[in-house]
Each structure stands twice: as C-alpha cells, then as structure tokens.
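Summary of structural features
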Amino acid sequence: MIRTQRIAVLLVGLAACGGPNAGDDTQDIPDAPGQVNAWSTLIDKNWSLQPNSENENELQIITLERDLVVGGIRPIAPPGTHHTLLFRGLSGTNAIYASGVGTGELMFPPGKGLRLTKGTALGVQLHIYNTGDDVLTGLSGVEVLEVDSATVTEEIDMFLPGPKDGDLSIPIGVSTQSGTCTVNQPQTLFALFPHMHQWGVRLKTTLTVGGVDQVLHDADYDFEHQDVKTFTPITLSAGDKIKTECTYNNDTGAPLTYGESSETEMCYSLMYRYPKQNSEFCND
C-alpha cells in the first residue's frame, strides 16, 4: 500500500507531462444502469513486468460517465498483484478501497454504500511484484456491485489506523510495533483489513469504547492471504481509541523501515466505516 500523499505528487506529474504508466479513459460500466445487483468492472489496467522486479506505481485514471452507487467491491488480482489502491479525485488524497494478496470481496452493510457521481475522476494504483524468472503479464483492477441508489442512506469510507510512518523501525529478530489513535467524531466500523508485508507474523487490533478495551482482531498474519474481515458493526464515539500492534520476524540481517516496496514494511488496521468522514489516517 502507498501513502496517498505520495500519490498526489505522482498525479501532479502525470497531469503535467503524461507518465508511461498513466491511462486516461472513460469507465467501462454500461451507460444505462442495466441489472442492479450485478458485478461489473469499474477500472482495470494491463501490465507487464520483467523477471525479479517490481513496480510500485502502475497507475490508471478514468472519468465516470454516469452516477454509480456501490454496495460491494472486490479486486481483480491475478498473480503478481501485490496490492491495489482505489482513490477518488486527481489530488490522490481520497483513498476509498485497498486490497492485498488474496483479498476477497467486501459487501457493505444494508443501507450503506459508496456514491460515485458523474464526472468524478477515479484512479487505481497497482503495486506489481514479479518474483519469477519469466516476464509476467496480467490485468488488474477493481470490480463493483452496483445497487439501487434509493436503498442507500449513508456513505462508507476507508481509513488507516496504525503507527506513524516515521515511528516504524523494525530491528533484527522478533519485535512488536504499535500505534494508538483517538477518533474525534462518532463513526461505525464494519470491516477490517490487516496489512503488513513479508516479515509481518501477527497483527492485533484493540478498540477502547467508553473506556473499555475489546480485542477486535488478534491472529497470525499471512502475506500470501490478506483477507478483509467483516464483523457486526461497532459504533465509536469521540474519544474512543484504536490500537494496532504488529509483530515481525525480521530475518534480513538489517533493520526494516516503512515503505511501499515489498522489501520494506507497514502496519495498518485498515478500517471501513460509516458515515463518511474527512480524515483518512488515524495515527496521532
């Protein structure tokens, strides 16, 4: 996963001069709504990668030709797709979906959805990783489940609780890094996407609701199967906290730091919530 501040810089450059990985297309969802509650491709991109290499910034930009209300979302992720990040707007500061290796579909709670309006610019940033000895090609992107607009009363969004980037310093051997944030307005959580890289072995997420701790997730981490976890919605109030603890087994012989590459590390309890908020990161 890549911090969206860096995406903003990348997109400014692409808009100015046109990058080799950038696309500028209209979306391929049918002009008429057609069958509601049917999966269709929102955005995708063909890619090719040389052996034993990676590309952290394979970008595709589209503009929606009609309004769209989404009730579910899932990745198109053939082998080589390390992660997928979907964002709204050319600033790159509004990430709305993320997936990793092995992530399945995410269905939003009844009455909750993602509203995308005609004329909106959408981008997908792909991190492609080829560990083989042959050229690897694929088509990666995002599919959505379109629903009737009248059935959606609240918008969802995504945010990223975890340690601040500069605080993530992983020594050789086994260690645990943590970060706690305080939410500043009411919000209801309904899904969790634990995210680390290759040296992550366990991730724990603890909520403090009304002064009482409750463990939301505490399980071994598998880089090759990064699933999204749904649960009975939990409402947080201003002042409640989210703590993320990431345990690593760093056998590289050198310290690891934060980064987008698979050769670096991350620590996020990536959350989906409603109603939509203005803050994307939660790591105070």
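Every chain begins its residue count from 1, and numbering advances along the sequence as written. Reporting in this predicted model follows two pLDDT cut-offs: at least 70 for local features of residues, and 80 or more for side-chain atom pairs to be given and counted; totals over whole chains, interfaces and linings ignore these cut-offs and use all residues. Note that water and hydrogens are dropped before the side-chain values are worked out from all heavy atoms of the structure.

1. Quick notes on the overall build of the protein chain
- Broken down by element type, the protein chain carries one helix and 22 strands.
- Burial classes: relative accessible area under 20% of the type maximum marks a residue as buried, over 50% as exposed, and values in between as partly exposed (1.4 Å probe, protein chains only). Expressed as a percentage of the 284 residues in the protein chain, the buried residues total 54%.
- Only the protein chains shown count as cover for residues, and the accessible areas themselves come from Shrake-Rupley with a 1.4 Å probe. Carbon and sulfur atoms make up 50% of the accessible area of the protein chain, which amounts to about 11,900 Å² in all. Elements are defined by DSSP. Helices are runs of H or I of four residues or more, strands are runs of E of two residues or more, and each kind is numbered from the N terminus.

2. Regarding the state of the cysteines
- The criterion for a disulfide is a pair of cysteine sulfur atoms lying within 2.5 Å. According to the stated counting rule, one finds one disulfide in the structure shown.
- Between Cys246 and Cys267 runs a disulfide, and the two sulfur atoms are separated by 2.0 Å. A torsion of 90° about the S-S bond marks the disulfide between Cys246 and Cys267 as right-handed. One end of the pair, Cys246, is in strand β19 (residues 241-250); the other, Cys267, is in the loop between β20 (256-257) and β21 (268-274), with 21 residues separating them in the sequence.
- Looking at Cys267, the relative accessible area reads 3%, which means it is buried.

3. Re the packing of aromatic side chains
- Here the aromatic set is Phe, Tyr and Trp, taking the six-membered ring for Trp, and pairing holds for ring centres within 6.5 Å; pairs whose planes are under 30 degrees apart are stacked, those over 60 apart are edge-to-face, and all others are tilted. The final tally for this structure, using the stated rule, is four aromatic pairs.
- Measuring from ring centre to ring centre gives 6.5 Å for Tyr97 and Tyr272, while their planes differ by 35°; the resulting arrangement is tilted. You can see Tyr97 sitting in strand β6 (residues 95-100) and its partner Tyr272 sitting in strand β21, a full 175 residues away along the chain. As far as the burial class goes, Tyr97 and Tyr272 line up, both buried.
- Aromatic rings pair up to connect Tyr97, Phe108, Phe190, Tyr272 and Tyr274 into one cluster.
- The rule is short: NZ of Lys or CZ of Arg within 6 Å of the ring centre and within 35 degrees of the ring normal puts a charge over the ring. Of note, Lys112 hangs over the ring of Tyr274, and the distance from its end group to the ring centre comes to 4.5 Å.
- Above the ring of Phe159, the side-chain terminus of Arg273 is found at 3.9 Å from the ring centroid.

4. Observations regarding the side chain of Gln187
- Along the polypeptide, Gln187 turns up in strand β15 (residues 187-195).
- Here a polar contact is taken to be a pair of N or O atoms separated by no more than 3.5 Å, where protein atoms must pair a possible hydrogen donor with a possible acceptor and residues adjacent in sequence count only if both atoms sit in side chains. Here the side chain of Gln187 touches Arg273 through a polar contact of 2.8 Å, side chain to side chain.
- We call two residues in contact whenever any of their non-hydrogen atoms come within 4.5 Å of each other. Here Gln187 is in contact with Phe159, Ile234, Thr235, Leu236, Arg273, Tyr274, Pro275 and Gln277, once residues within four sequence places are set aside.

5. Focus: the nonpolar core
- Take the buried residues of types Ala, Val, Leu, Ile, Met, Phe, Trp, Tyr and Cys, join any two whose side-chain atoms come within 4.5 Å, and each joined set is a nonpolar core. Counting 50 residues, the largest nonpolar core has Leu42, Leu116, Val142 and Tyr272 as the members making the most contacts within it.
- Here Leu116 is in contact with Leu42, Leu64, Arg66, Asp67, Leu68, Val70, Arg88, Ile96 and Leu122, once residues within four sequence places are set aside.
- If you look at the next biggest cluster of nonpolar residues, it comprises 12 residues, including Cys181, Leu207, Phe231 and Met271.

6. Digging into the pattern of salt bridges
- Think of a salt bridge as a Lys or Arg side-chain nitrogen and an Asp or Glu carboxyl oxygen that are within 4 Å of each other. Counting across every chain of the model gives eight salt bridges.
- The salt bridge involving Lys45 is made with Glu58; its shortest N-O contact spans 3.8 Å. Taken together, the residues span a long stretch of sequence, with Lys45 in strand β2 (residues 39-49) and Glu58 in strand β3 (residues 53-63) at a distance of 13 residues. Both residues of the pair, Lys45 and Glu58, count as buried.

7. Regarding the layout of surface pockets
- As defined here, a cavity is a set of points on a 1 Å grid over the protein atoms alone where a 1.4 Å probe fits but cannot get out. A pocket is an open set with protein on both sides within 12 Å along at least five of seven lines, and residues line them when an atom is within 4 Å of a point. Grid points are joined across faces, edges and corners, and a volume is the space filled by probe spheres set on the points. Each pocket or cavity is described by its volume, and for the largest pocket that value is around 260 Å³.
- Lining the largest pocket we find 16 residues, and of these Pro79, Gly80, Thr81, Val101 and Glu224 sit closest to its centre.
- Breaking the lining of the largest pocket down by element, the ones donating at least two residues are β5 (81-88) and β9 (121-130).
- Of the residues contributing to the lining of the largest pocket, the split by class is seven nonpolar, eight polar and one charged. Gly counts as polar in this scheme, as do all residues outside two lists: the nonpolar Ala, Val, Leu, Ile, Met, Phe, Trp, Tyr, Cys and Pro, and the charged Asp, Glu, Lys and Arg.

8. So, the pairing of strand β8 (residues 112-116)
- Of all five residues in β8, four are buried, a share of seventy percent or more.
- With three bridges joining them, strand β4 (residues 68-76) and β8 adopt antiparallel strand pairing. Pairing of Val69 across the sheet is with Arg115, part of β8.
- Any two strands are treated as partners once DSSP identifies two or more bridges connecting them. Pairing analysis gives two bridges linking β8 to strand β11 (residues 154-155), with the strands arranged parallel. Following the sheet pairing, Gly113 is matched in β11 by Glu155.

9. Regarding empty space enclosed by the protein
- Counted by the stated rule, this structure contains two cavities of 30 Å³ or more.
- Computed from the structure, the second largest cavity encloses a volume of approximately 40 Å³.
- As for the second largest cavity, its lining consists of Pro163, Lys164, Asp165, Leu168, Tyr258, Cys267 and Tyr268.
- In the lining of the second largest cavity, the residues fall into five nonpolar, no polar and two charged.

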